Amino acid sequence: MDFSTVMSGQDQLKVQMQVDSLNKSLAEGKGLNQSLGKDDFLKLLLTQLQYQDPTKPMEDKEFIAQMAQFSSLEQMNNLSQQFVSVKNTLGRNAAYDLIGRQVDILQGDQKIHGTVEAVSGKDYPQLLVNGTYYDYDSVETVSNKEASR
């Protein structure tokens, strides 16, 4: 669609200034972000509705399709947050299962062998082995034998 036939020169200048202002505020406030969020989507939709040609309004099919895309985006964001929560819960439970077990932990070039004495941390569990806390992700091997209590 050629906007020069729909909008006057003054309207084009006004829209260009608004776009430049929005881009500047996005660059200053959020940093460079390569993905659009739900707020960005709503801003685009409202701007599209505000500046559409009244003699050629947006077709119902197009509007419904855009609303369906918005709904899908929202659901994907919700699922992503739920997956992160499940991952954190599973990692925490797996870390708790290591209490009393013999583990080998890889810390740089060094391999630490010992018994898991305690676990701390909610989303990123830390294991207490030989008096020092290590990330759960640094566990290399786990012995099937429980340490003597």
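Preceding this paragraph is the structure being described.
In short, a report on the structure.

### Considering the overall build of the chain
Counting secondary structure elements, the chain contains three helices and five strands. Every one of the 149 residues in the chain was classed for burial, and the buried ones make up 21%. The contacts in the chain between residues at least 6 apart in sequence include a share of 47% that link residues at least 24 apart. Summed over all atoms, the accessible surface of the chain reaches about 11300 Å², with 54% contributed by carbon and sulfur.

### Topic: the environment of L73
Looking at where L73 falls in the secondary structure, it is placed in helix α3 (residues 60–97). You can call L73 buried: its relative accessible area is 19%. For L73 and F41, which are 32 residues apart along the polypeptide, the C-alpha to C-alpha distance reads 9.4 Å.

### Focus on the pairing of strand β2 (residues 110–120)
Summarising the sheet, strand β1 (residues 101–107) and β2 pair through six bridges and their orientation is antiparallel. In the strand pairing of β2, I105 is matched with I112. Hairpin remark: β1 followed by β2, antiparallel, with two residues in the connecting loop; positive phi at G108, about 70 degrees. Of the pairings in the sheet, the one linking β2 to strand β3 (residues 126–129) comprises four bridges and is antiparallel in character. Bridging across to β3, S120 finds its partner in Q126.

### What about the pattern of salt bridges?
Applying the stated criterion across every chain yields a total of one salt bridge. E140 is the partner of K111 in a salt bridge, and the nearest nitrogen-oxygen pair spans 3.0 Å. Of this pair, K111 sits in strand β2 while E140 sits in strand β5 (residues 139–146); the two residues are 29 residues apart in sequence, bridging distant segments of the chain. Accessibility expressed as a relative area gives 51% for K111, which makes it exposed.

### Looking at the side chain of S138
Note on placement: S138 falls in the loop between β4 (132–135) and β5. Once residues within four sequence positions are removed from consideration, S138 is found in contact with D104, I105 and L106.

### Here's the deal with the side chain of D104
You can see D104 is positioned in strand β1. Buried and unpaired, D104 has no salt bridge, with K111 as the nearest side chain of opposite charge at 4.9 Å. A polar side-chain atom of D104 sits 2.6 Å from a polar atom in the side chain of H113. A polar contact of 2.7 Å, which involves the side chain of D104, links it to the side chain of T141. When neighbours within four sequence positions are excluded, D104 is seen to be in contact with K111, I112, H113, S138, V139, E140 and T141.

### Examining the nonpolar core
In a soluble, globular protein the nonpolar side chains are often hidden away together inside. A95, L98, V103, I105, I112, V116, V119, L127, V129 and Y134 form the largest nonpolar core, which has ten residues in total. Taken together, the elements giving at least two residues each to this core come down to β1, β2 and β3. Aside from chain neighbours lying at most four places away, what touches V119 is A95, Y96, I99, P125, Q126 and L127.

### Quick notes on the pairing of β3
From the end of β2 to the start of β3, which pair antiparallel, there are five residues, and G121 there has a positive phi angle of about 95 degrees. Pairing of β3 with β4 involves four bridges; the strand directions are antiparallel. Across the sheet, residue L128 finds its bridge partner in β4, namely Y133. Taken together, β3 and the strand that follows it, β4, pair antiparallel across an intervening segment of two residues, in which N130 is found at a positive phi of about 55 degrees.

What counts and what doesn't
- Residues numbered from 1 in each chain as written.
- Predicted model: local features only at pLDDT ≥ 70, side-chain atom pairs only at ≥ 80, totals over all residues.
- Heavy atoms only, no water.
- Helix = DSSP H or I, 4+ residues; strand = E, 2+ residues; numbered from the N terminus.
- Buried < 20%, exposed > 50% of the residue type's maximum accessible area, 1.4 Å probe, protein only.
- Contact = heavy atoms within 4.5 Å.
- Areas by Shrake-Rupley, 256 points an atom, 1.4 Å probe, with all protein chains shown as cover.
- Pairing = 2+ DSSP bridges.
- Salt bridge = Lys/Arg side-chain N within 4 Å of Asp/Glu carboxyl O.
- Lys, Arg positive; Asp, Glu negative; His and termini not counted.
- Polar contact = N/O pair within 3.5 Å; in protein donor to acceptor, adjacent residues only side chain to side chain.
- Core = buried A, V, L, I, M, F, W, Y, C linked by side-chain atoms within 4.5 Å.

Functional significance is not addressed by these values, which are geometric in nature.
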